[in-house]
Every structure is written in C-alpha cells, then in structure tokens.
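# Fold and geometry: a report
This is what each chain is made of:
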Amino acid sequence: MPCYRCGATIGDSVASVYAQTLRPAQVVLVDDASPDDTIGALHAVAAQYPPGWIEVVQLPKNGGPSAARNAGWERSTQPYVAFLDADDTWVPTKIELQMRALRADPQIALLAHRMLVRERDRPAPPAPREARTHIVPRRRLLLNNPFPTASVVLRRDLPFRFDENYRRVEDFLLWGQIGFSGYRCAKLDQVLAYWHKANYGAGGLSEDLKAMHRAGREVRRELLRQGLVTYPEHCFARSIGMVRKARQRMLLALRRATEGGATP
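Residues numbered from 1 in each chain as written. Predicted model: local features only at pLDDT ≥ 70, side-chain atom pairs only at ≥ 80, totals over all residues. Heavy atoms only, no water.

### Let's talk about the overall build of the protein chain
- A tally of helices and strands in the protein chain yields seven helices and nine strands.
- For the protein chain, the spread of C-alpha atoms along the three principal axes comes to 55 × 50 × 40 Å.
- Accessible area for the protein chain stands at about 13,400 Å²; split by element, carbon and sulfur atoms hold 53% of it.
- In the protein chain, 38 side chains carry a positive charge and 27 a negative one; their mean positions are 7 Å apart. (Helix = DSSP H or I, 4+ residues; strand = E, 2+ residues; numbered from the N terminus. Areas by Shrake-Rupley, 256 points an atom, 1.4 Å probe, with all protein chains shown as cover. Lys, Arg positive; Asp, Glu negative; His and termini not counted. Charge placed at Lys NZ, Arg CZ, Asp CG, Glu CD.)

Encoded structure:
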C-alpha cells in the first residue's frame, strides 16, 4: 500500500484487509516520504494487529506511487501480490473470490474486478459470495483501463514493475505491458472494492485532468515504442482517448455545478 499523508484514512483501509474471509499473509505499508507524521500513523496502525503481519517501510525520498508500490512488491513473499491505495477499501470476500478464480485457472497472470465509488460512512451492501470470471481480450485494453489498481491481484514473478518515471497512469502502463505481452488477464463480475472519492477531479493526482490525459498519451506512445501495440492500434486508442477526455470534462463540469448548488 503506497502511503502519502494518509493518517486519516489508513486505518479503514488496513481494517478492510484484516477483515478478509481469506486474509492475506502479509501487508506492506510504504510511506512515500510524507512531510507530516504519516510514518507515525502507520506504526500506530501496525501495532493494532498481530506482530509481523504488517511491515512498515519508509522511503528516503518521495518517488510517487510507482516507487512505493515497487518497494512493497519487492518485500512481498507470497506467489501473488494485491494492491490497495490508502484511501480505498476492500469488500471482505475480495481475496477469497480472487484466489478461488486463480486456483481454477492458474494461467491467469492478472485478475481484477469491478469497483464503485461509495461514501465512507455509507453502509456497504452484503459481500458477494460468488463471482464469474471473464477473460479480458487484448482489444479491450485499447479502449481504457479496465483494471482499477485496488482491484488487481497479479503473479509476483511477472517480469514487469511499475515504471517509476510515471506518476500518473502508471498503473495502466503496467497492465498494458502485461496484457499486450500475451499474459492472460481476467476480471470478476462483482464489486469487491470501493473508492471513497470520485475517480477524477476530486483531489489527489487525478485532480489535474490535463496532466492525466497528457500522461495517458505518453503511456500510449510508450506501448507503441516498446512494440507492444501496432500503429493502427495506437491510433485507435488515441481516438478513444480523445472521446473519453471530452466526456470526463463534461462530467466534471456537471459535478462542480451540482456541488455549487447550480440548477441543471
């Protein structure tokens, strides 16, 4: 879990991991050189759980989410790695359902699921007990990112890592490298995690939509440069990105108008 100025939310996120019906063997909290007392908050949270279950890592300098996730990945000891941001939460049956699907199809290298935005203090619906697995074809990755970071479980031994040159859209670059390299990717049809803020335009790195879309263009060019997509595929993905950009701008404008009390 990459952690940056997250003292107010990290407790809920870790609690959702501990509440798993199939509990992960270890949790790695990586403080990305926060300027406040995040490191103290992480140690305080770790002290609430069995000794050794949580490892707290403090990076010497801020490297962004890619560097923090890679640091946690390198310290993992299990065959599979899951990701969770410090302001998101998991549904209790998430890991159980994902590991069930991975045992049924060991060729899957990356397995995700659906996510929704939910207010933090709003009661969650009952946790799903069953989920269907759908293989995600290569062409689906050309449309947009189908794998929210907090939904992903992947094989620890994959020969890829988050590119630390990217601070935005770094997750889709990694998923693209995995999927376009021919590894089997899949998604469960259930909501098994929640964001507790809007996906874009509501704080954090996603707030700057221009920077996000610029990073998306850079990622598409990087996948082309690496030979993982063809030029026609690149052009198709770029056109889809332009449509998505216009849609997100419209939705953001509508949200801000609503929050400001304007009448539609």
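Resuming the write-up.
### What about the sheet that holds strand 3 (residues 54-58)?
- Pairing in this open sheet of three strands is parallel, and the strands run 1-2-3 from one edge to the other. Lying at the two open borders of the sheet, with one neighbouring strand each, are strand 1 (2-3) and strand 3.
- Two elements, strand 2 (residues 27-31) and strand 3, share five bridges in a ladder whose sense is parallel. Considered in strand 3, the bridge of Val30 is made with Val57.
- Contacts between helix 3 (residues 64-75) and the sheet are confined to strand 1, strand 2 and strand 3, with strand 2 contributing the most and set at about 145° to the helix. (Pairing = 2+ DSSP bridges. Contact = heavy atoms within 4.5 Å. Axes fitted to C-alpha atoms, helices over the stretch in contact; angles between N-to-C directions.)

### Points about the UniProt feature "domain: Glycosyltransferase 2-like" (unreviewed entry) in the protein chain
- Here, UniProt's "domain: Glycosyltransferase 2-like" (unreviewed entry) annotation points to residues 1-153.
- The straight-line gap between the two end C-alpha atoms of residues 1-153 is 13 Å; of that span, 27% is helix and 20% is strand. (UniProt positions renumbered as here; feature names shortened; annotations may be inferred.)

### Quick notes on the pattern of salt bridges
- In the structure shown here, the tally under the stated rule is 14 salt bridges.
- One network of salt bridges, in which partners are shared, links Glu96, Arg100, Arg129 and Glu130. (Salt bridge = Lys/Arg side-chain N within 4 Å of Asp/Glu carboxyl O.)

### Some thoughts on the nonpolar core
- Counting 35 residues, the largest nonpolar core has Met1, Cys3, Ile10, Val14, Leu29 and Ile54 as the members making the most contacts within it.
- Of all the secondary structure elements, the ones that give two or more residues to this core are helix 1 (10-18), strand 2, helix 2 (38-46), helix 4 (94-104), strand 6 (108-117) and strand 9 (184-195).
- Here the element with the most residues in this core is strand 9; it accounts for seven residues.
- Residue contacts for Val14: discarding those within four places in its chain leaves Met1, Leu29, Val45, Tyr49, Trp53 and Ile54.
- Within the second largest apolar cluster, 30 residues are counted, among which are Leu110, Val169, Val229 and Ala237. (Core = buried A, V, L, I, M, F, W, Y, C linked by side-chain atoms within 4.5 Å. Buried < 20%, exposed > 50% of the residue type's maximum accessible area, 1.4 Å probe, protein only.)

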